[in-house]
Every structure is written in C-alpha cells, then in structure tokens.
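# Fold and geometry: a report
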Amino acid sequence: MEHLKAAVIGVGFIGKAHIEALRRIPNVDVVAIVDSFNVEEKAAQLGVPYAFSDYKEMLDTCHPDCVHICTPNFTHKEIALAAMERGVHVICEKPMASNADEAAVMVEASKKYDKICALNFHNRFYPASFQMKKMVEKGELGQIFDLSGGYLQDWLQYKTDFSWKILSAKCGKTRVTADLGSHWFDLAEYVSGQKIKEVFAEFKTIYPERMNGREAIPVDTEDYSYVLLRFDGGATGMAEFSGVFSGKKNQTVLRVAGTEASLEWDNEKVNDILIGHRNEPNGLLTKDPNLMDPDVAKIISYPGGHAEGFPDAFKQNFTAIYQAIRGKNSVNQFATFKDGLHIMRVCDALYESAHTGSWIPVM
Ligand SMILES: NC(=O)c1ccc[n+]([C@@H]2O[C@H](COP(=O)([O-])OP(=O)(O)OC[C@H]3O[C@@H](n4cnc5c(N)ncnc54)[C@H](O)[C@@H]3O)[C@@H](O)[C@H]2O)c1
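Throughout what follows, the structure given in this document is the object of discussion.

Each value, and the rule that gives it
Residues numbered from 1 in each chain as written. Predicted model: local features only at pLDDT ≥ 70, side-chain atom pairs only at ≥ 80, totals over all residues. Helix = DSSP H or I, 4+ residues; strand = E, 2+ residues; numbered from the N terminus. Rg over C-alpha atoms; globule rule 2.2 N^0.38 Å. Buried ≥ 20, exposed ≤ 12 C-beta atoms within 10 Å, placed from the backbone. Near = placed C-beta within 6 Å. Nonpolar A, V, L, I, M, F, W, Y, C, P; charged D, E, K, R; others polar. Pairing = 2+ DSSP bridges. Contact = placed C-beta atoms within 7 Å. Axes fitted to C-alpha atoms, helices over the stretch in contact; angles between N-to-C directions. Core = buried A, V, L, I, M, F, W, Y, C linked by C-beta atoms within 7 Å. Domains from an automatic or database assignment. Expected span 1.5 Å × (residues − 1).

This part is about the overall build of the protein. The number of helices and strands found in the protein is twelve helices and 18 strands. For the protein, the C-alpha radius of gyration of 20 Å lies close to 21 Å, the compact-globule estimate for 363 residues. Taking the principal axes of its C-alpha atoms as reference, the protein extends roughly 65 × 55 × 40 Å. Among the 363 residues that make up the protein, the fraction classed as buried is 51%.

The immediate surroundings of the ligand are formed by 22 residues, with Gly10, Gly12, Phe13, Ile14 and Glu93 found nearest. Per-element accounting of the shell around the ligand gives the leading share, three residues, to helix α1 (residues 13–22). Residues of the shell around the ligand, tallied by class, amount to nine nonpolar, nine polar and four charged.

Strand pairs in the sheet, formed through backbone hydrogen bonds, run parallel or antiparallel to each other. Spatially, nine strands are ordered β16-β15-β14-β13-β7-β12-β11-β8-β18 in an open sheet, and the strand pairing comes out mixed. Both edges of this open sheet fall to β16 (283–286) and β18 (360–361), since each of them pairs with a single strand only. As paired strands, strand β14 (residues 262–266) and strand β15 (residues 272–276) are joined by three bridges and run antiparallel to one another. Along β15, the bridge assignment pairs leucine 263 with isoleucine 275. Helix α9 (residues 181–192) contacts β7 (144–152), β8 (196–204), β11 (224–231), β12 (236–242) and β13 (251–258) of the sheet and is inclined by roughly 155° relative to β7. Sheet strands touched by helix α12 (residues 337–356): β8, β11 and β18. Its angle to β8, the strand with the most contacts, is close to 50°.

What follows covers the environment of threonine 221. Counting through the fold element by element, threonine 221 comes out in the loop between β10 (215–218) and β11. Expressed as a C-alpha distance, the spacing of threonine 221 and threonine 174, which sit 47 residues apart in the sequence, is 5.7 Å. Other than its neighbours up to four places away in sequence, threonine 221 contacts Ile166, Ser168, Cys171, Thr174 and Arg175.

Next up on the list: the nonpolar core. Formed by 108 residues in total, the largest nonpolar core has its most connected members in Val90 and Val256. No fewer than three residues from each of domain 1 (4–120) and domain 2 (123–307 + 332–356) sit in this core. In contact with valine 256, not counting residues within four places along its chain, are Met132, Val136, Leu141, Ile144, Leu147, Val191, Ser192, Ser262 and Leu263.

Moving on: α9. Taking 1.5 Å of rise per residue, twelve residues should cover 16 Å, and α9 covers 16 Å from first to last C-alpha, within 8% of that figure. A large share of α9 lies buried, amounting to twelve of its twelve residues. All buried positions along α9 are accounted for by Gly181, Ser182, His183, Trp184, Phe185, Asp186, Leu187, Ala188, Glu189, Tyr190, Val191 and Ser192. With its phi angle positive at about 75°, glycine 193 sits one or two positions after the end of α9.

This is how it looks when you write it as structure tokens:
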C-alpha cells in the first residue's frame with residue numbers, strides 16, 4: 001500500500017496526541033512538524049525527520065499528503081487555505097476558526113480545491129458514541145425529545161491561570177462555548193441526528209482580569225456558559241460549559257431522553273453507556289465488540305474488558321479520514337469542514353444571544 005505523508009502544524013498538547021495516533025495507523029508517516037517555538041528540539045524528541053518554523057516552507061519542501069492543524073484557533077483559516085491551495089488534504093482542530101465568517105471561507109475553499117477537509121471532533125469515534133447513534137437510528141429510544149449535559153474543566157479555576165485560550169484575539173469570540181461546547185454540540189447532533197436551529201445563552205466571567213505572570217491582562221471571554229437549545233427534530237436541550245468547575249478535569253456528559261428509553265454517557269467512564277428504562281431494570285452496556293452493533297465493532301481495536309479512550313478515538317478518527325484520502329469508505333462518519341462551520345454558527349449565535357438576551361436562530 002502506498003505510504004501517505006502527514007505533517008503536524010503546532011506541536012503543543014494536541015499536536016503530540018495527533019503524532020501518537022498517526023503512528024498507530026499503518027502506512028502513514030509523520031514526515032514533518034511545524035512550530036513557532038523550539039521546533040528542532042521538539043522534532044528530535046518526537047523522532048520526526050523534518051522541522052520547520054514556517055508552515056509554507058514546510059508545504060513547499062515536504063509536499064505532504066495531509067496536514068494536521070493543531071495551532072491556536074485564529075491561525076486555522078490561513079494555514080488551511082495555504083494547504084488546500086497546494087493540493088494538500090487537511091485535518092483541522094476544533095473549534096474550526098475564530099468565528100463563522102472565517103469558517104465559511106474555509107468551506108468555500110474546500111469546495112474549490114476538492115480536498116478531504118476534516119475536523120477533529122474525535123468524540124464521534126468513541127465506541128459508546130457510535131453505539132448511542134446506532135441505538136437512536138434503530139428507534140430503540142423512541143422519539144428523542146431531550147439532549148442535555150455539558151463539558152466541565154477546572155484548569156482555569158484561579159486568577160493566576162493563563163493561556164492564549166483566554167484571549168478572544170487568539171481563541172475567537174467565545175471561549176468555553178467554542179472550545180468545549182463545540183465538541184458537545186457536534187456530539188449531541190451526531191448521536192441524535194438532529195441539528196441545533198435556535199439558541200439562548202448566559203455567559204459569565206469570574207475574573208475580569210487574569211495574571212499572566214506579573215502582568216494583569218483584561219479578560220474578554222467567558223469562564224462558563226449555560227445554553228438552551230432547540231433542535232430541528234423537535235428536541236430541546238440544555239448544557240453547561242466551564243473551565244472553572246473545581247474537580248472536573250475534563251468531563252463531557254451527554255444525556256439523551258426518548259419516549260421509550262434514555263441514554264447517559266460520561267467520558268470519565270468512557271466505555272460505559274447507561275440505558276434508562278421505566279418498566280424494567282436499567283442497563284449498563286460496557287464496551288465489548290460482541291455486544292455492540294456490528295459497525296461499532298469495526299471501530300473497536302481490543303476485546304471487551306480492555307479500555308479504549310481518548311488516544312484511541314483519535315486513532316479511529318484519523319483511520320477513517322486517511323481511508324477517505326485513499327478513496328475508501330468507512331463505517332463511521334468523521335466531521336467535515338461543513339460540520340465545523342455549522343458548529344461555528346451555533347457558537348456565534350450563542351455569543352449573540354448572551355449579549356442580547358434573546359433567542360437567536362442558527363443561520
Ligand atoms: N480535539 C481535542 O480534544 C482538542 C484538545 C485540545 C486542544 N484542541 C485544539 O487544538 C488546537 C491547539 O491547542 P493546544 O491545546 O494543543 O494548544 P498549545 O498551546 O498546547 O499548542 C499550540 C502549539 O502551536 C504552536 N504555534 C502557535 N502558532 C503557530 C504558528 N503560526 N505556526 C506554527 N506553530 C504555532 C505553539 O508554539 C504551540 O506549540 C486548538 O485549536 C485547540 O482548540 C483540541
């Protein structure tokens with residue numbers, strides 16, 4: 001099989017996770033990394049042959065088949081455009097861009113250049129998420145009327161916690177709503193098959209300024225948010241997103257209520273789905289390829305009893321995307337730029353709602 005060349009742009013937290021996942025996919029080689037800080041040292045540590053500080057130079061020198069954009073959100077658009085213009089497939093981190101206008105430009109370019117343009121909404125590739133989707137599709141829950149939950153973290157709990165992710169100039173209009181909410185919105189839509197069509201939001205910022213070392217920096221993004229949602233299939237939902245919720249390291253919860261049964265998934269127990277019944281005992285489905293839908297079994301690498309989590313979801317997502325690059329279908333659908341744009345529109349509508357106090361349609 002032909003080897004495909006991958007390059008990872010931005011090698012902080014998530015760029016390294018991309019590299020690890022790529023190394024678990026046969027016949028895909030990580031040929032280069034790009035980073036604006038200490039890139040030679042990073043390449044040596046990671047065992048990657050080529051290192052660049054300029055992504056255009058990397059594209060023109062290494063001619064990769066696919067780039068992984070793992071840089072701060074405000075850079076995603078220009079990097080994606082440069083890659084597509086050179087005929088390179090793109091896997092972009094979420095949120096897709098700083099706002100929906102930028103994301104729309106990326107979608108137009110993806111149509112023009114006809115490349116595989118994927119978003120890393122990796123939550124779609126947990127066995128539990130795919131299984132929940134299958135159960136909804138088979139009608140096992142009846143009519144879905146409620147999609148709720150949220151995504152909570154605590155790494156920005158204190159005034160002295162600082163990151164580029166706090167600044168709207170780098171993260172975009174919204175912080176936790178786009179950073180954490182984008183994952184949750186996509187997951188809720190993916191599992192339910194319903195799209196968010198109207199939103200209402202309350203945004204809160206605990207610290208009007210934060211300390212970056214000794215320097216006080218004004219904060220113009222939300223520390224936490226509450227959202228109400230109306231879906232096009234008739235469901236309603238509510239969710240909360242927070243970077244300042246003590247003790248919650250990285251918890252995503254999705255609850256799905258239907259007229260016949262309900263489901264609950266918590267990524268802190270990533271391999272389990274709770275199945276709620278009214279007239280029979282509740283169920284617990286723990287990941288096991290023999291007990292799950294045959295399509296779900298195809299995105300499971302290990303037998304029951306062997307946990308599969310965050311790095312595995314990346315592997316399964318990238319496997320599906322590289323299959324598409326090779327012109328092959330996969331059983332599960334990865335998110336595309338079109339999906340990423342829709343979620344950016346949801347985030348922009350939530351921003352508008354939080355600042356006007358009214359329900360806002362998602363355009
Ligand atoms: N899918 C997920 O679960 C997930 C998790 C975390 C982050 N992310 C997303 O991944 C992206 C990166 O987040 P992170 O947490 O890894 O951030 P990070 O700050 O840890 O890493 C970003 C890296 O990009 C480099 N960089 C910045 N500008 C650059 C440029 N112009 N060219 C090359 N390199 C540049 C920085 O030096 C740094 O090494 C963000 O969009 C974020 O939302 C996704």
